[in-house]
Amino acid sequence: MMIHIPNVLTRDQVLRCRQMFERVAWVDGRVTAGPQTSAVKRNLQIPEDDPEGLECGQMIVAALYRTPLFMSAVLPHRILPPMFNRYDEGMTFGSHVDNAIRRIRATGESLRTDVSTTLFLSDPEDYDGGELVAEDTYGEHAVKLPAGDAIIYPATSLHHVTPVTRGARISSFFWTQSLIRDPLRRGLLFDMDMAIMRLNHDHPGHASAVQLTGVYHNLLRQWSEV
Ligand SMILES: O=C(O)CCC(=O)C(=O)O
Ligand SMILES: [Fe+2]
């Protein structure tokens, strides 16, 4: 399931990140790639310990925790510090599946990658190509979103970024370990949360909303890994 999360960052926050990134030294994106992805990855990245990248990453994580749709759909346990990539003309990222386990540099802990996120920092009119395409049993889904918006997709899915043919595409990418490992259960909780929110909106104070919220939390208690 791919879910579009609009307005994670405000316009001002996007511009602040973009200004910071004019000062940083971009390196070959293969620095964080395993052998299979190295063969198909042609982009640039900000080094993981770059202070400007870390500052922008902290801003993104704080924004995600304030974004109800992200919280409901992902149920994050731990978020890997966001990284940043850039595709100039001719750059691309061929079909791959993300590594299952990532190490958090600052703490040395490992994180299981359940959900992948791309947060767009370039406006769609600033470049051609550069669509993120994810494959599932229903076919291929291509996305290109306004700056500040994010797309989440299962880390288990094959995906690629089509070649940029004009301009440059900058984005933030990162992985989340969810409280709920099983995507089916995570999806059920998401549907239930959405239904409860609609019930609260359409019928404020309805007794069933309290009961269903109880069921939601009891399922979360039953299924979560913390
Ligand atoms: O640039 C993107 O949107 C996705 C990057 C990606 O798939 C990766 O770094 O594994
Ligand atoms: Fe990927």
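Nothing here was measured: the structure is a model prediction, and the numbers come from that model. (Residues numbered from 1 in each chain as written. Chains lettered and ligands numbered in written order. Predicted model: local features only at pLDDT ≥ 70, side-chain atom pairs only at ≥ 80, totals over all residues. Heavy atoms only, no water.)

Undergrad: Go over the site of ligand 1 with me, naming the residues and quoting the values.
TA: Of all residues adjacent to ligand 1, which total 14 residues, the nearest are Asn85, Tyr87, Asp98, Thr118 and Arg169. For ligand 1, an oxygen atom lies 3.1 Å from a polar atom in the side chain of His96. Of all the secondary-structure elements, those providing two or more residues to the shell around ligand 1 are strand 6 (83–87), strand 7 (92–96), strand 15 (159–161) and strand 17 (169–178). Considering every element that reaches the shell around ligand 1, the biggest residue donor is strand 17, with 4 residues. (Near = heavy atom within 4 Å. Polar contact = N/O pair within 3.5 Å; in protein donor to acceptor, adjacent residues only side chain to side chain. Helix = DSSP H or I, 4+ residues; strand = E, 2+ residues; numbered from the N terminus.)

Undergrad: Which residues make up the domain arrangement of the protein chain, and what values do they have?
TA: In terms of domain boundaries, the protein chain breaks down into domain 1 (3–178) and domain 2 (183–223). Between the C-alpha centres of domain 1 and domain 2 the distance comes to 30 Å. Across the contact, 9 residues belong to domain 1 and 7 residues belong to domain 2. Considering only the side of domain 1, the residues that lose the most area to domain 2 are Ser72, Ala73 and Leu75, jointly responsible for 61% of the buried surface there. In this structure, the connection of domain 1 to domain 2 is made through 2 residue pairs in polar contact (both at pLDDT 80 or more). (Domains from an automatic or database assignment. Contact = heavy atoms within 4.5 Å. Buried area = accessible area lost by both parts, 1.4 Å probe.)

Undergrad: An account of the coordination of the iron ion (ligand 2) is requested, with residue identities and associated values reported.
TA: Protein coordination at the iron ion (ligand 2): the donors are His96 (NE2), Asp98 (OD) and His159 (NE2), at 2.1 Å from the metal. Spacing between the donor residues of the iron ion (ligand 2) along the chain follows H-x1-D-x60-H. For His96, a relative accessible area of 4% puts it in the buried group. (Donors = N, O, S within 2.8 Å, 3.2 Å for Na, K, Ca; no water. Buried < 20%, exposed > 50% of the residue type's maximum accessible area, 1.4 Å probe, protein only.)

Undergrad: Outline the UniProt feature "binding site: 2-oxoglutarate" (unreviewed entry) in the protein chain, supporting the account with residue identities and numerical values.
TA: The UniProt record annotates "binding site: 2-oxoglutarate" (unreviewed entry) at Arg169. Summarising the element assignment, Arg169 is placed in strand 17. Ignoring anything within four residues of it in the chain, the contact list for Arg169 reads Asn85, Arg86, Tyr87, Thr118, Phe120, Ser122, Tyr127, Gly130, Leu132, Val161 and Val164. (UniProt positions renumbered as here; feature names shortened; annotations may be inferred.)

Undergrad: Outline the environment of Arg23, supporting the account with residue identities and numerical values.
TA: Summarising the element assignment, Arg23 is placed in helix 1 (residues 11–23). When the C-alpha positions of Arg23 and Glu52 are compared, they lie 8.6 Å apart, and in sequence the two are 29 residues distant. Polar side-chain contacts of Arg23 include one of 2.9 Å to the side chain of Glu52.

Undergrad: An account of the nonpolar core is needed here, citing residue identities and associated values.
TA: Phe21, Ile60, Leu121 and Ile152 are the most contacted members of the largest nonpolar core, which totals 44 residues. When contributions to this core are tallied by element, the ones reaching two or more residues are strand 1 (3–5), helix 1, helix 3 (51–65), helix 4 (68–74), strand 6, strand 10 (115–120), strand 14 (150–154) and strand 17. No other element matches helix 3, which puts 6 residues into this core. Within the second largest apolar cluster, 8 residues are counted, among which are Leu75, Leu189, Met192 and Tyr216. (Core = buried A, V, L, I, M, F, W, Y, C linked by side-chain atoms within 4.5 Å.)

Undergrad: So what's going on with the sheet that holds strand 12 (residues 132–136)? Which residues, and what values?
TA: Judged by pairing direction, the sheet is antiparallel, and its 5 strands sit side by side in the order 3-7-15-12-13 without closing on themselves. The open sheet has two edge strands with one neighbour each: strand 3 (41–42) and strand 13 (139–143). By the bridge criterion, 2 bridges tie strand 3 to strand 7 in an arrangement that is antiparallel. Paired with Lys41 across the bridge in strand 7 is Phe93. (Pairing = 2+ DSSP bridges.)

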